[in-house]
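Chain by chain, the residues run as shown.
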Amino acid sequence: MSLQDSRGVPSIFMPTVLALETSCDESAAAVLCQEGDSLTVLSHGIASQVEEHARWGGVVPEIASRRHVEALPNLVEQALEDSGVMASDLDAVAATVAPGLVGALMVGSITGRTLAALHQKPFLAVHHLEAHLASVFLASSPPRAPYIVLLVSGGHTELIRVDRSGEMVRLGRSHDDAAGEAFDKVARLIGLGYPGGPAIQSLAVHGDSKRFVLPKGRVSKPEGGFYPYDFSFSGLKTAMLRQVQMLESEPDDLPVADLAASFEQIVADVLVERSLRCCLDQGIDHLVMVGGVAANQRLRSQMQDEGQARGISVHIAPLAYCTDNAAMVAVAALRRLSSGVEASSLQLGVSARWPLEKSLSLYGSNPPF
Ligand code: KG4
Ligand code: ZN
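If you're wondering where the values come from, they're calculated on a predicted model, not measured in any experiment.

So, how was this worked out
Residues numbered from 1 in each chain as written. Chains lettered and ligands numbered in written order. Predicted model: local features only at pLDDT ≥ 70, side-chain atom pairs only at ≥ 80, totals over all residues. Heavy atoms only, no water. Near = heavy atom within 4 Å. Polar contact = N/O pair within 3.5 Å; in protein donor to acceptor, adjacent residues only side chain to side chain. Areas by Shrake-Rupley, 256 points an atom, 1.4 Å probe, with all protein chains shown as cover. Helix = DSSP H or I, 4+ residues; strand = E, 2+ residues; numbered from the N terminus. Nonpolar A, V, L, I, M, F, W, Y, C, P; charged D, E, K, R; others polar. Domains from an automatic or database assignment. Core = buried A, V, L, I, M, F, W, Y, C linked by side-chain atoms within 4.5 Å. Buried < 20%, exposed > 50% of the residue type's maximum accessible area, 1.4 Å probe, protein only. Contact = heavy atoms within 4.5 Å. Phe/Tyr/Trp six-rings, centres within 6.5 Å; stacked < 30°, edge-to-face > 60°. Lys NZ or Arg CZ within 6 Å of the ring centre and 35° of its normal. Disulfide = S-S within 2.5 Å. Expected span 1.5 Å × (residues − 1). Bend = angle between axes of the 7 residues up to and from the residue. Pairing = 2+ DSSP bridges. Patch = residues over 30% accessible without salt bridge, like charges linked within 9 Å, V, L, I, M, F, W, Y side chains within 5 Å. Salt bridge = Lys/Arg side-chain N within 4 Å of Asp/Glu carboxyl O. Buried area = accessible area lost by both parts, 1.4 Å probe.

**Concerning the site of ligand 1**
In the neighbourhood of ligand 1, 20 residues make up the surrounding shell, with Gly-154, Asp-184, Gly-197, Gly-292 and Asp-324 lying closest. At a separation of 3.1 Å, a nitrogen atom of ligand 1 approaches a polar side-chain atom of Gln-201. Coverage of ligand 1 by the protein chains reaches 89% of its 560 Å² of free accessible surface. If you list the elements that add at least two residues to the shell around ligand 1, you get helix 4 (128-134), helix 5 (179-189) and helix 6 (196-204). Tallying contributions element by element places helix 6 first for the shell around ligand 1, with four residues. Of the residues assigned to the shell around ligand 1, the class counts are six nonpolar, 12 polar and two charged. The two domains that each donate at least three residues to the shell around ligand 1 are domain 1 (16-133 + 323-362) and domain 2 (142-316).

Structure follows, in structure tokens:
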């Protein structure tokens with residue numbers, strides 16, 4: 001969309017994007033507009049499937065794809081109607097194409113490419129992790145590079161340095177489960193529903209976070225010592241299992257609130273300590289936190305407080321944009337447009353795994369998948 005001067009000549013280009021997200025168990029559509037550095041969410045809607053997957057204790061890929069097919073047309077129509085933008089006025093259509101569940105990604109990608117072709121708009125493929133990273137630009141005080149990002153979701157736990165040039169360097173990662181996965185598994189272990197993060201959080205409020213002593217999961221280097229910014233949550237999961245087995249042999253009810261609080265606390269401690277350590281060692285005083293687990297209240301406030309105490313400004317994605325959503329996909333697409341990217345090929349498919357470092361390849365004329 002463009003504003004026009006008195007002669008009808010476009011004066012300010014204000015790109016407007018319709019974005020779709022279907023990489024896992026949330027179908028989402030959003031319309032965003034950018035004016036200079038300012039981003040406006042004109043509309044965003046999410047149709048969550050979690051209740052249906054909760055019956056199975058986790059995401060069932062086949063069900064996810066079918067529900068995306070059912071939900072997406074209405075979400076798109078509603079997003080356009082709520083935004084007051086006509087499809088013909090869009091500047092691009094974007095959709096998540098990797099990584100994620102292939103069948104689920106396919107629904108958003110085909111819908112996005114079809115809409116783009118139908119309305120003769122560029123199609124912009126978006127990497128899901130780039131979208132999570134972009135979600136922080138919807139915060140009231142977005143960061144300026146260089147900064148360290150803690151990307152903490154159901155599939156990833158990573159520390160990434162973003163340089164002034166925009167280059168990203170991964171400094172830390174989980175060697176086994178992602179933090180969100182650990183929340184989901186531990187929740188199941190103590191009899192809570194899926195997704196585990198919100199279930200543990202609401203119970204933990206009533207629990208004693210110091211009752212159980214749990215391990216912080218360090219990753220050893222072959223030559224001795226530890227990787228300072230890497231994570232491991234499998235030992236913590238096992239420690240929780242042992243604790244539960246021991247408690248179950250006692251006559252009292254399982255102290256689920258104390259278990260939830262102790263688990264949540266140790267995960268927050270580990271994430272905060274290693275992220276701030278990384279910032280201090282790298283001499284970078286801005287930390288960004290994004291992804292589904294960044295919705296955790298204990299983690300949010302502990303990161304803010306301890307960051308402040310150590311002179312690091314902490315930028316966290318707004319709560320509404322931590323778990324999967326389409327607004328963050330739109331932000332990633334708008335940032336690509338501002339960087340000079342024009343479009344992705346309509347021949348581009350989807351990929352279950354694709355490294356973030358290779359996300360520029362989504363815009364080449366030779367699609368990588
Ligand atoms: O980013 P996301 O929606 O999907 C992925 O890309 O993985 O993250 C989902 C993960 C789930 O593991 C869920 O349990 C966790 O984020 N999560 C939370 C909270 N809300 C969602 N974990 C801890 N506390 C929360 N409040
Ligand atoms: Zn996600």
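**Notes on the nonpolar core**
Of all hydrophobic cores here, the largest spans 110 residues; its most connected members are Val-149, Phe-263, Val-267, Leu-271 and Met-303. With residues near it in sequence (within four places) discarded, Phe-263 still touches Ala-182, Phe-183, Val-186, Ile-200, Leu-214, Leu-236 and Met-240.

**Focus on the environment of Ala-199**
Relative to the assigned elements, Ala-199 resides in helix 6. The residues contacting Ala-199, other than those within four sequence positions of it, are Leu-192 and Gly-193.

**Considering the packing of aromatic side chains**
Scanning the model with the defined rule gives three aromatic pairs in all. Judged by centre distance (5.1 Å) and plane angle (70°), the ring pair of Trp-354 and Phe-369 falls under edge-to-face. With a gap of 15 residues between them, Trp-354 in the segment after helix 10 (327-338) and Phe-369 in the segment after helix 10 connect regions that are remote in the sequence. Since its relative accessible area comes to 18%, Trp-354 is described here as buried. Judged by its relative accessible area of 23%, Phe-369 falls in the partly exposed class. Looking at Arg-218, its charged tip hangs above the ring of Phe-226, at a distance of 5.5 Å from the centre.

**What to know about the state of the cysteines**
Summed over the entire model, instances satisfying the criterion amount to zero disulfides. Here Cys-278 stays free of any disulfide, with the sulfur of Cys-279 as its closest cysteine sulfur at 6.0 Å. Cys-278 sits in the buried class, given a relative accessible area of 0%. Free cysteine Cys-322: the closest other cysteine sulfur is in Cys-24, separated by 16 Å.

**Let's talk about the side chain of His-128**
Turning to its location among the elements, His-128 is positioned in helix 4. For His-128, a relative accessible area of 8% translates into the label buried. In this view, His-128 contacts Glu-21, Ser-23, Thr-96, Ala-98, Pro-99, Asp-324 and Met-328; residues no more than four positions away in its chain are not counted.

**What about helix 2 (residues 61-83)?**
Its 23 residues give helix 2 an end-to-end C-alpha distance of 31 Å, which sits within 8% of 33 Å, the value for a rise of 1.5 Å per residue. At Ala-71, helix 2 is bent by approximately 35°, the largest bend along its length, and proline Pro-73 sits one to four residues beyond. Of all the positions in helix 2, only Ile-63, Ala-64, Ser-65, His-68, Ala-71, Leu-72, Leu-75, Val-76, Ala-79, Leu-80 and Ser-83 are classed as buried. Looking at the buried side of helix 2, the elements it contacts are strand 3 (16-21), strand 4 (26-35), strand 5 (38-48), helix 1 (50-54) and helix 3 (102-118).

**Looking at the pairing of strand 3**
The element strand 3 is largely enclosed, with a buried count of six among its six residues. Burial along strand 3 is two-sided: the face carrying Thr-16, Leu-18 and Leu-20 and the face carrying Val-17, Ala-19 and Glu-21 are both buried. Pairing geometry for strand 3 and strand 4, over six bridges, is antiparallel. Each residue of the ladder has a partner; that of Leu-20, found in strand 4, is Ala-29. Taken together, strand 3 and the strand that follows it, strand 4, pair antiparallel across an intervening segment of four residues. For strand 3 and strand 6 (residues 92-98), the ladder comprises four bridges, and the chain directions are parallel. If you follow Ala-19 over to strand 6, its bridge partner there is Ala-94.

**A look at a nonpolar patch on the surface**
Residues Val-102, Met-106 and Ile-110 make up a contiguous nonpolar surface patch of about 220 Å² in total accessible area. One can find Ile-110 in helix 3. The class of Ile-110 is partly exposed, set by a relative accessible area of 43%.

**Section: the domain arrangement of the protein chain**
According to the domain assignment, the protein chain consists of domain 1 (16-133 + 323-362) and domain 2 (142-316). Listed by partner, the interface residues are 14 residues for domain 1 and 13 residues for domain 2. Its largest share of buried area at the contact with domain 2, domain 1 owes to Leu-129, His-132 and Leu-133, together 41% of the area lost on that side. Between domain 1 and domain 2 we count two residue pairs in polar contact (both at pLDDT 80 or more) in total. At the level of secondary structure, the elements contributing two or more residues to the side of domain 1 that touches domain 2 comprise helix 1 and helix 4.

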